[in-house]
Amino acid sequence: MTEQTLIIVKPDAVKRTLVEEILSRFKKKGFAISKQKMLNFTTEMAKEFYSAHSSKPFFDELVSFITSGDVVAAIIERDNAVSLTREIIGNTNPKEASAGTIRGDFGISITENSIHASDSRESFDKEVNVIF
Ligand code: CMP
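Bear in mind the structure is a predicted one, so any value in this text is a computation, not a measurement.

**Looking at the UniProt feature "active site" (unreviewed entry) in the chain**
Here's step 1: In the numbering adopted here, UniProt assigns the feature "active site" (unreviewed entry) to His116.
Here's step 2: Looking at the secondary structure, you find histidine 116 in strand β4 (residues 115-117).
Here's step 3: Histidine 116 gets classed as buried once you look at its relative accessible area, which sits at 12%.
Here's step 4: Dropping the residues within four chain positions of it, histidine 116 is found in contact with Leu6, Ile7, Ile8, Lys10, Phe49, Tyr50, Arg103 and Glu127.

**A word on the sheet that holds strand β2 (residues 32-39)**
Here's step 1: As summarised here, the arrangement of the four strands in space is β2-β3-β1-β4, forming an open sheet in which the pairing is antiparallel. Both outer strands of the open sheet, β2 and β4, are each paired with one neighbouring strand and no more. When the angles between neighbouring strand axes are averaged without regard to direction, this sheet yields 20°.
Here's step 2: Bridge analysis of strand β1 (residues 2-9) against strand β3 (residues 71-79) gives eight bridges, and the strand direction is antiparallel. By the bridge assignment for β3, glutamate 3 is matched with arginine 78.

**Here's the deal with the pairing of β3**
Here's step 1: Note: β2 against β3, seven bridges, orientation antiparallel. Among the inter-strand pairings, glutamine 36 is bridged to a residue of β3, identified as alanine 74.

**Quick word on the UniProt feature "domain: Nucleoside diphosphate kinase-like" (unreviewed entry) in the chain**
Here's step 1: Residues annotated by UniProt as "domain: Nucleoside diphosphate kinase-like" (unreviewed entry) correspond here to residues 2-132.
Here's step 2: The distance separating the terminal C-alpha atoms of residues 2-132 is 20 Å; by composition the span is 42% helix and 21% strand.

**Quick look at helix α2 (residues 19-28)**
Here's step 1: Among all positions in α2, only Val19, Ile22, Leu23 and Phe26 are buried. Buried residues of α2, seen end-on, are gathered within an arc of 95° and therefore sit on one face of the element.
Here's step 2: Positive backbone phi, at 90°, marks glycine 30, one or two positions downstream of α2.

**Concerning the site of the ligand**
Here's step 1: Inspection of the region around the ligand gives Lys10, Tyr50, His53, Phe58, Leu62, Thr92, Arg103, Ile110, Thr111, Asn113 and His116 as its neighbouring residues.
Here's step 2: Here an oxygen atom of the ligand sits 2.7 Å away from a polar atom, N or O, in the side chain of lysine 10.
Here's step 3: For the ligand, an oxygen atom lies 2.9 Å from a polar atom in the side chain of histidine 116.
Here's step 4: Relative to its unbound accessible area of 460 Å², the ligand is 79% covered by the protein chains.
Here's step 5: When its residues are assigned to classes, the shell around the ligand shows four nonpolar, five polar and two charged.

**A short note on unusual backbone geometry**
Here's step 1: Not every positive phi belongs to a glycine, and threonine 17 is a case in point at roughly 50°.
Here's step 2: When you line up the elements, threonine 17 lands in the loop between α1 (11-15) and α2.
Here's step 3: The phi torsion at asparagine 80 lies on the positive side, around 50°, for a residue other than glycine.
Here's step 4: When you line up the elements, asparagine 80 lands in the loop between β3 and α5 (81-89).
Here's step 5: We classify asparagine 80 as partly exposed; its relative accessible area is 48%.

What counts, and at which threshold
- Residues numbered from 1 in each chain as written.
- Predicted model: local features only at pLDDT ≥ 70, side-chain atom pairs only at ≥ 80, totals over all residues.
- Heavy atoms only, no water.
- UniProt positions renumbered as here; feature names shortened; annotations may be inferred.
- Helix = DSSP H or I, 4+ residues; strand = E, 2+ residues; numbered from the N terminus.
- Buried < 20%, exposed > 50% of the residue type's maximum accessible area, 1.4 Å probe, protein only.
- Contact = heavy atoms within 4.5 Å.
- Pairing = 2+ DSSP bridges.
- Axes fitted to C-alpha atoms, helices over the stretch in contact; angles between N-to-C directions.
- Arc of directions from axis to C-beta.
- Near = heavy atom within 4 Å.
- Polar contact = N/O pair within 3.5 Å; in protein donor to acceptor, adjacent residues only side chain to side chain.
- Areas by Shrake-Rupley, 256 points an atom, 1.4 Å probe, with all protein chains shown as cover.
- Nonpolar A, V, L, I, M, F, W, Y, C, P; charged D, E, K, R; others polar.

In structure tokens:
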């Protein structure tokens, strides 16, 4: 059954003009892009988007980074979209992400890790409402 998920190409990757390269990895895996837009998160949006992490020690850094420049958000779809997307993006920490994953190939640090993806249908429902 077709499923949707949300990806955010983060400011570090947008600045390095990696958007097309990153989106092409999903297209090659058979994803359709149903919505796409460039935006700059406000602090209010960032706090809402990452509210699950609000008590974490890295929360301020996370909000500061995601609001630091343009991002590209896309709703992408195919069967098993959520779990397959998590495989394609790789481990949160680029140092631990396998080569061939997006974070393994492009991530700079755990903060500047190039891409976000919803980790569940519930997260997708919440995140998509912040962005679209
Ligand atoms: P993302 O998938 O956007 O979701 C939450 C983000 O928090 C994650 O990517 C990382 O960029 C960031 N993050 C997670 N763990 C840490 C950590 N230990 N230190 C700093 N940032 C983190």
